[in-house]
Amino acid sequence: MKNFNFWLKICVFNFFVVSAVGVMMRYNMAFSLSGFNHKFMQESHSHFAFYGWVSAGIFLFVTKYLSENFKKINLAKYQYLMICNQIGSYGMLFTFLYGGYFWLSIVFASIALFTGFAYFIFLLIDTKSNENPEIIWLKSGAFFATFSAIGIFGLAYFSSKKEEFDVLFRASTYFYLHYQYNGFFLFSCIGLLLISLKKIGIEIKEKLNKTIFYLLFFGCFFGYGLSVLWIEMNSVLYGFFVLISVIQFFGAIPFLNWIRKTNIFKRQNFIQKLLLCVFGFAFILKFILQSLSVIPSLGIFAFSNINIVIAYLHLVLLMGVSLFLVWRILQNRMIKLNLVLKFSVLLMVFGIICNEFILALSGIFSIFYIPFLSSKYWLLFASVVIMISILTFIRSLKIENK
């Protein structure tokens, strides 16, 4: 892939933009930022994080993988796909920041959405006869990205009638988030992880891979129910979703056990080991929290507490997916791991853990009605640390042309 370095720098810069909007949000909460609507900033922040950073990173690494392993594929269409994704991402960044959901922001959201549809179709066509272990994960991730669009259309329709259709608006939100986080992001990351492991001589057995895949796919497809346990439902349906949480958990255990048995840690430097530990912990905790959500008292509290919801979303997207993508970047042999780059990653991990800790603490304190008035200042501090670390990461990122 000839212009890999160019796209990599764009992806990392977009990560910085995400953090900058995050700092704006935290500053607005602590001191007030005139001229900006907090809800609009939140929508701009989340949409650009999903498409400008995470989706762009996944598209880039998958395209690089295809260029190295499928020589007959015409990569030009993937280049156009990434360009369209950036147009949609930056369009959403500014239009959501300006006016939230309105006709122009929906146009740019549709561009990004249909880019995901095209990615799914391209991947199906170009890998239809391939049976590599990682392929089913990448294709399933693309499928869930497409499937999550049902939630987007629901959001677009119900956003103007939120008071009348509040339950359906929330259900649409969780539908989109579930199939993005637990589907597109998770399955794509597992596929990219298997690709990275294969490059260093670690391959998963076909039978084990398919067993894990089917358990997690089935768990994710029906696992949306775990996101709407706050809706009244009969005991049979509730029992089914409890079973789904168990299936999903039993899909994660053999995969984590297989990772543990590999010698991946022996082939990593300290920074890469740290990233593996942190994002690995985030994904383990994700599955544990999802399983615990079936307990009625915990589930109702979790979905009704905004700090807990935000903490969970940041756990998966920031501590899990984002740090995985940073680890994936550092796996590239063309990256020169200098001292400043190492420091930036350490600072990034510190800021992300601080952010997660403060959000979780805010949620726990609210259980016991303990005020945590300084939390908004600590969250601003953590956001600034993350932004500075990403900026330092960009400035120290040296990519050797080989």
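Residues numbered from 1 in each chain as written. Predicted model: local features only at pLDDT ≥ 70, side-chain atom pairs only at ≥ 80, totals over all residues. Heavy atoms only, no water.

## Quick word on the overall build of the protein chain
(1) Moving on: Check the secondary structure of the protein chain and you find 14 helices and two strands.
(2) Moving on: Taking 21 Å as the expected radius of gyration for a compact globule of 402 residues, we find that the protein chain reaches 20 Å, a close match to that expectation.
(3) Moving on: Structurally, the protein chain occupies a C-alpha span of about 55 × 50 × 40 Å along its principal axes.
(4) Moving on: By residue count, 54% of the 402 residues in the protein chain fall in the buried class.
(5) Moving on: Across the protein chain, 32 positive and 13 negative side-chain charges occur, with their mean positions spaced 12 Å apart. (Helix = DSSP H or I, 4+ residues; strand = E, 2+ residues; numbered from the N terminus. Rg over C-alpha atoms; globule rule 2.2 N^0.38 Å. Buried < 20%, exposed > 50% of the residue type's maximum accessible area, 1.4 Å probe, protein only. Lys, Arg positive; Asp, Glu negative; His and termini not counted. Charge placed at Lys NZ, Arg CZ, Asp CG, Glu CD.)

## A word on the packing of aromatic side chains
Centre-to-centre distance and the angle between the planes together describe a pair of aromatic rings.
(1) Moving on: Enumeration according to the criterion identifies 49 aromatic pairs in this entry.
(2) Moving on: With 5.5 Å between their ring centres and 75° between their planes, Phe 50 and Tyr 181 make a pair best called edge-to-face. A residue pair is termed long-range when its members are at least 10 positions apart, and Phe 50 in helix α2 (residues 38-69) and Tyr 181 in helix α7 (residues 166-199) qualify at 131 residues. Each member of the pair, Phe 50 as well as Tyr 181, carries the same accessibility label: buried.
(3) Moving on: Ring geometry for Phe 187 against Phe 217: centres 6.3 Å apart, planes inclined by 85°, an arrangement best described as edge-to-face. Here Phe 217 lies in helix α8 (residues 206-222) and Phe 187 lies in helix α7, a separation of 30 residues in the sequence.
(4) Moving on: Looking at Phe 217, the relative accessible area reads 24%, which means it is partly exposed.
(5) Moving on: The ring of Phe 122 has Lys 77 lying over it, and the distance from NZ or CZ to the ring centre is 5.7 Å. (Phe/Tyr/Trp six-rings, centres within 6.5 Å; stacked < 30°, edge-to-face > 60°. Lys NZ or Arg CZ within 6 Å of the ring centre and 35° of its normal.)

## Structural notes on the packing of helix α12 (residues 306-330) against helix α13 (residues 339-367)
(1) Moving on: One way to put it is that α12 packs onto α13 with a least axis distance of 8 Å and a crossing angle of 165°. Taken together, the axis directions place α12 and α13 in an arrangement best described as roughly antiparallel. Along this stretch, α12 crosses α13, giving a crossing that reads as left-handed. Side by side, α12 and α13 meet where Asn 307, Ile 308, Ile 310, Ala 311, Tyr 312, His 314, Leu 315, Leu 318, Met 319, Leu 323, Val 326 and Leu 330 of the first sit next to Leu 341, Val 345, Met 348, Val 349, Ile 352, Ile 353, Asn 355, Glu 356, Leu 359, Ala 360, Ser 362 and Gly 363 of the second. (Axes fitted to C-alpha atoms, helices over the stretch in contact; angles between N-to-C directions. Parallel < 35°, antiparallel > 145°, perpendicular 65-115°, else oblique. Left-handed = near helix turned anticlockwise from the far one by under 90°. Contact = heavy atoms within 4.5 Å.)

## A word on α8
(1) Moving on: Between its first and last C-alpha, α8 extends 24 Å over 17 residues, near the 24 Å set by a 1.5 Å rise per residue.
(2) Moving on: Among the residues making up α8, those that are buried are Asn 209, Ile 212, Phe 213, Leu 216, Gly 219 and Cys 220. Within α8, the buried residues cover an arc of 140° as seen down the axis, which keeps them to one side. Exposed residues lying more than 90 degrees from the buried face of α8 are Lys 207 and Tyr 214.
(3) Moving on: Those residues of α8 hidden inside the fold are in contact with α5 (133-147), α7, α9 (235-261) and α10 (270-292). (Expected span 1.5 Å × (residues − 1). Arc of directions from axis to C-beta.)

## Focus: the domain arrangement of the protein chain
(1) Moving on: Parsing the protein chain into structural domains produces domain 1 (1-130), domain 2 (137-261) and domain 3 (270-401).
(2) Moving on: Both sides of the domain 1 and domain 3 interface together cover about 2,300 Å² of buried area, and 80% of this is carbon and sulfur.
(3) Moving on: For domain 1, the biggest contributors to the area lost against domain 3 are Phe 15, Arg 26 and Phe 61; these three give 26% of the whole.
(4) Moving on: Linking domain 1 to domain 3 there are zero salt bridges. (Domains from an automatic or database assignment. Buried area = accessible area lost by both parts, 1.4 Å probe. Salt bridge = Lys/Arg side-chain N within 4 Å of Asp/Glu carboxyl O.)

## Quick word on the pattern of salt bridges
(1) Moving on: Here the structure, examined in full by the defined rule, presents five salt bridges.
(2) Moving on: Two residues, Asp 126 and Lys 77, come together in a salt bridge whose shortest N-O distance is 3.2 Å. Of the two residues, Asp 126 sits in helix α4 (residues 103-126) while Lys 77 sits in helix α3 (residues 76-99), which places them 49 residues apart along the sequence.
(3) Moving on: Given the relative accessible area of 18%, Asp 126 is considered buried.
(4) Moving on: A single network of salt bridges, built from pairs that share partners, joins Lys 64, Glu 68 and Lys 199.

## Some thoughts on helix α14 (residues 375-396)
(1) Moving on: In this model α14 runs 31 Å from its N-terminal to its C-terminal C-alpha over 22 residues, within 8% of the 32 Å that 1.5 Å per residue would give.
(2) Moving on: Among the residues making up α14, those that are buried are Ser 375, Leu 379, Leu 380, Ala 382, Ser 383, Val 385, Ile 386, Ser 389, Ile 390, Thr 392, Phe 393 and Ser 396.

## Describing the packing of helix α1 (residues 4-30) against α2
Helix packing for two helices is described by the angle between their axes and how far apart those axes are.
(1) Moving on: One way to put it is that α1 packs onto α2 with a least axis distance of 9 Å and a crossing angle of 160°. Classified by the angle between their axes, α1 and α2 sit roughly antiparallel to one another. By crossing handedness, the relation of α1 to α2 is classed as left-handed.
(2) Moving on: Looking at the contact of α1 with α2 residue by residue, the classes come out as 19 nonpolar, eight polar and one charged. (Nonpolar A, V, L, I, M, F, W, Y, C, P; charged D, E, K, R; others polar.)

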